[in-house]
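Now for the letters of each chain:
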Amino acid sequence: LDFGLAKVFDPATSDGGSHGDLGLTISGPGQLLGTVAYMASEQAQGRHDEAEGMYERALAIFERTYGSDHYEIAVNLNNLAGVRQAQGRVADAEALYRRALSIKESLLGRDHPDVALSLNNLALLLEGTDRAPEAGALYERALEIFALRLDARHPKIVACANNYAGFLRAAGRDGEAGAIEERYL
């Protein structure tokens, strides 16, 4: 039941770092974190309406197959949230990111790098709303988890640090942004 949306691996035994052929995708500041292997080609090509339908069908199948609290559900919720975010459907995206985060925290623990990935993505969404203080706290928590669990120059740390530093600079907190950049970039 793989629609090109996910690859099966055991996240509980993973350190959240390298997943071999899963191919980490990192963009510049203000970008979501994720992996190419978990992204529908339609999403990667900006065809969000098509990707949305694929993720919705995949979620229905995965929920019937695995139940509502499986890692693959969390991955697809995160991807669907990214699509909804790109469509400007902020409330829908937030609900999906929060559900994905809850599943990951329950399955993997609060300090797993995959939890940090979801925290980063939720922070990025909230950054563009009137809830910037919450976004800052989420970025900070995500970066702390990544720093605790991954090598200092891991691409996930670099991407999250870029996002957080950009957020801080936009808020006029240049000193804090500079400290983040000096430590992680």
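Structure shown above.
As the structure is a prediction and not an experimental result, all values here were calculated from the model.

Asks: Residue-level account of the pattern of salt bridges, with values.
Replies: Inspection of the entire model under this criterion finds 15 salt bridges. A salt bridge links glutamate 56 to arginine 84, with the nearest nitrogen and oxygen atoms 2.5 Å apart. Of the two residues, glutamate 56 sits in helix H2 (residues 48-66) while arginine 84 sits in helix H3 (residues 71-86), which places them 28 residues apart along the sequence. Using a relative accessible area of 36% as the deciding quantity, one classes glutamate 56 as partly exposed. Here arginine 141 makes a salt bridge to glutamate 105, at a shortest N to O gap of 2.7 Å. Separated by 36 residues along the polypeptide, arginine 141 in helix H6 (residues 132-149) and glutamate 105 in helix H4 (residues 90-108) bring together distant segments of the chain. Residues joined by salt bridges that share partners form a network here, namely Glu52, Glu56, Arg84, Arg89 and Asp92.

Asks: Any details on the nonpolar core? Residues and values, ideally.
Replies: Ranked by size, the top nonpolar core spans 44 residues in total, and within it Leu77, Leu119, Leu122, Leu143, Phe146, Tyr164 and Ile180 carry the most contacts. Those elements that provide at least two residues to this core are H2, H3, H4, helix H5 (113-127), H6, helix H7 (155-170) and helix H8 (174-184). Tallying contributions element by element places H5 first for this core, with nine residues. Once residues lying within four places of it in the same chain are set aside, the contact partners of leucine 143 are Ile157, Cys160, Ala161, Tyr164, Ile180 and Tyr184.

Asks: Would you mind going over the environment of leucine 143 in detail, with residue names and values included?
Replies: Along the polypeptide, leucine 143 turns up in helix H6. For leucine 143, a relative accessible area of 2% gives the class buried.

Asks: An account of the side chain of glutamate 52 is requested, with residue identities and associated values reported.
Replies: Inspection of the secondary structure puts glutamate 52 in helix H2. Exposure remark for glutamate 52: the relative accessible area of 11% places this residue in the buried category. Beyond its immediate sequence surroundings of up to four residues, glutamate 52 is in contact with Leu80, Val83, Arg84, Gln87 and Arg89.

Asks: Quick rundown of the packing of aromatic side chains? Include the residues and the values.
Replies: In total, this model carries four aromatic pairs according to the counting rule given. Arranged with centres 5.7 Å apart and planes meeting at 55°, the rings of tyrosine 139 and phenylalanine 167 form a pair that is tilted. Here tyrosine 139, found in helix H6, pairs with phenylalanine 167, found in helix H7; they are 28 residues apart in sequence, far enough to count as distant. Residue classification places tyrosine 139 among the buried residues on the basis of a relative accessible area of 0%.

Rules used throughout
Note that residues are indexed from 1 along each chain, following the sequence as it is written. In keeping with the predicted nature of the model, local features appear solely for residues at pLDDT of at least 70, side-chain atom pairs appear and are counted solely at 80 or more, and the whole-chain, interface and lining totals rest on all residues. Hydrogen atoms and water are omitted, and side-chain values are computed over all heavy atoms in the structure. When a carboxyl oxygen of Asp or Glu lies within 4 Å of a side-chain nitrogen of Lys or Arg, that pair is called a salt bridge. Helix and strand assignments follow DSSP, with helices taken as H or I runs no shorter than four residues and strands as E runs no shorter than two, numbered in order from the N terminus. Buried, partly exposed and exposed residues are distinguished by accessible area as a fraction of the type maximum, computed with a 1.4 Å probe on protein chains only: under 20%, between the cut-offs, and over 50%, respectively. In this text, buried Ala, Val, Leu, Ile, Met, Phe, Trp, Tyr and Cys residues form a nonpolar core when linked through side-chain atoms within 4.5 Å. Whether two residues are in contact is decided by their heavy atoms, any of which lying within 4.5 Å being enough. The criterion for an aromatic pair is that two Phe, Tyr or Trp rings (for Trp, the six-membered ring) have centres within 6.5 Å, with stacked assigned to planes under 30 degrees apart, edge-to-face to planes over 60 apart and tilted to the rest.

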